[in-house]
Amino acid sequence: MVKSIGKNFFINNLDYENQIKSAADDFGHRTAREQAANIQQELYRLDRNVNVWLLAEVLVLDLPEPAQG
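Description of the structure in this document. As the structure is a prediction and not an experimental result, all values here were calculated from the model.

### What to know about the overall build of the protein chain
Counting its regular elements, the protein chain contains 2 helices and 0 strands. In the protein chain, which comprises 69 residues, the proportion classed as buried is 12%. Surface exposure of the protein chain reaches about 5,900 Å², of which carbon and sulfur atoms provide 54%.

### Details of unusual backbone geometry
Phi angles above zero are rare outside glycine, and N49 is one such case at about 65°. Of note, N49 is situated in the loop between α1 (17-47) and α2 (52-61). Look at N49 and you get exposed, because its relative accessible area is 71%.

### Quick look at the side chain of E42
Within the fold, E42 resides in helix α1. Not counting the four nearest positions on each side in its chain, E42 is found in contact with L55 and L59.

About the thresholds
Residues numbered from 1 in each chain as written. Predicted model: local features only at pLDDT ≥ 70, side-chain atom pairs only at ≥ 80, totals over all residues. Heavy atoms only, no water. Helix = DSSP H or I, 4+ residues; strand = E, 2+ residues; numbered from the N terminus. Buried < 20%, exposed > 50% of the residue type's maximum accessible area, 1.4 Å probe, protein only. Areas by Shrake-Rupley, 256 points an atom, 1.4 Å probe, with all protein chains shown as cover. Contact = heavy atoms within 4.5 Å.

In short, shape yes, function no, at least from these values alone.
What follows is the structure in structure tokens.
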């Protein structure tokens, strides 16, 4: 999310630098923010003892797809 708005930040594992930049370019700030909010909501649900497998499936199915090309 930080990378998608053009800010420089320290990457702990430099092996993933290209993948992070690519994802930031593909999805943009709005999508990154929406996905962070979705994850936060699912963490809240985990605290309420929802079915973990169902929660994980919903999270994965709601992930945006990268642009082809």
